[in-house]
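Understanding the architecture of this molecule
These are the residues of each chain, in order.
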Amino acid sequence: MIVAIDGPSGTGKSSTSKAVAARLGLSYLDTGAQYRAMTWWMLANGVDVQDPAAVADASGKPVVTSGTDPLHPQISVDGTDVSGPIRSQEVTAAVSAVSAVPEVRARMVDFQRRTAAAAPAGIVVEGRDIGTTVLPAATVKIFLTASAEVRAARRSGELNGAVSVAATREALIRRDAADSGRTTSPLAKADDAVEVDTSELTLDEVVDRIVALVEQRR
Ligand code: C5P
């Protein structure tokens, strides 16, 4: 059982994916956290993240590992837990440039496929290109959307209002444009994905809907 959950930033992918995995007894993989971990390492080691050749050269150095327990998702670089630092604004602002580099994607996608294949009962994998590129044979594919206003309000709320809704909206739109416009496996809805607009739904409603879809295919 492989459940692919894709969509732009702030649509509730992480909360939804973790809850779906926990409800169904499946493993969980946050691929965005992996690109963030790679980006965190690049920034910490003085790599110019706007230079694709420098990023490509350095991409083989850090060892990124992800836990797959939906109740305790954990991400490490070279054995150090970076779950907190990868959510910083610096990392968020730089991650689209790093994730657009084909060498970075090749490494991550290989790891993601191996992780999915090794999951004992199955796995929920969240990202941008899971249904289209990473796991195109996934059993269930979901594409989450929400209006820019709702997404910005959610993200600003997660940051306890430290960044205004307007500034958050700008940053989200910029990141989505970069993620959708890149050449290698851009953010895209797979033709056979079910689109769920979460703007007017609670988390529980979204989770119920996806769990029902999975149960139908079990
Ligand atoms: O989901 P999250 O916001 O943590 O993802 C951070 C970034 O990682 C995205 O903006 C995108 O640049 C990159 N990403 C990606 N492919 C994925 C998951 C995330 O390029 N499958």
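Residues numbered from 1 in each chain as written. Predicted model: local features only at pLDDT ≥ 70, side-chain atom pairs only at ≥ 80, totals over all residues. Heavy atoms only, no water.

Turning our attention to the overall build of the protein. Scanning the protein for helices and strands turns up nine helices and eight strands. Over its C-alpha atoms the protein spans a radius of gyration of 16 Å, differing by no more than 12% from the 17 Å that the globule rule assigns to 218 residues. Taken along its principal axes, the extent of the C-alpha atoms in the protein is 50 × 40 × 30 Å. Classification of the 218 residues of the protein by burial places 48% in the buried group. For the protein, the proportion of contacts with a sequence separation of at least 24, taken over those separated by at least 6, is 74%. Here the protein has roughly 9800 Å² of accessible surface; of this, 53% comes from carbon and sulfur atoms. When the 23 positive and 27 negative side-chain charges of the protein are each reduced to one mean point, those points stand 2 Å apart. (Helix = DSSP H or I, 4+ residues; strand = E, 2+ residues; numbered from the N terminus. Rg over C-alpha atoms; globule rule 2.2 N^0.38 Å. Buried < 20%, exposed > 50% of the residue type's maximum accessible area, 1.4 Å probe, protein only. Contact = heavy atoms within 4.5 Å. Areas by Shrake-Rupley, 256 points an atom, 1.4 Å probe, with all protein chains shown as cover. Lys, Arg positive; Asp, Glu negative; His and termini not counted. Charge placed at Lys NZ, Arg CZ, Asp CG, Glu CD.)

So, about the side chain of Ser199. Looking at the element boundaries, Ser199 is found in the loop between β8 (194-197) and α9 (203-217). One polar contact links the side chain of Ser199 to the main-chain amide nitrogen of Ser147, over a distance of 2.9 Å. Among the polar contacts listed, one links the side chain of Ser199 to the side chain of Asp197, at a separation of 2.7 Å. In this structure Ser199 touches Thr145, Ala146, Ser147, Val150 and Arg154, once residues within four positions along its chain are discounted. (Polar contact = N/O pair within 3.5 Å; in protein donor to acceptor, adjacent residues only side chain to side chain.)

Read from one edge to the other, the open sheet built from three strands follows the order β3-β4-β5, with strand pairing classed as antiparallel. Both outer strands of the open sheet, β3 (64-66) and β5 (80-81), are each paired with one neighbouring strand and no more. Taken together, the three bridges between β3 and strand β4 (residues 75-77) define a ladder with antiparallel strand orientation. In the sheet register, Ser66 faces β4, and the bridge partner there is Ile75. Its contacts with the sheet put helix α2 (residues 31-44) on β3 and β4, and the angle it makes with β4 is roughly 30 degrees. (Pairing = 2+ DSSP bridges. Axes fitted to C-alpha atoms, helices over the stretch in contact; angles between N-to-C directions.)

Moving on: the sheet that holds strand β2 (residues 27-30). Taken together, five strands build an open sheet; the order of strands is β2-β6-β1-β7-β8 and the sheet is parallel. Each edge of the open sheet is held by one strand with a lone partner, namely β2 and β8. Neighbour to neighbour, the strand axes of the sheet diverge by 20 degrees on average, direction disregarded. By the bridge criterion, four bridges tie strand β1 (residues 2-6) to strand β7 (residues 140-145) in an arrangement that is parallel. Bridging from a neighbouring strand, Asp6 pairs with Phe143 of β7. Contacts from α2 reach β2 and β6 (123-127), with the element oriented near 40 degrees to β2.

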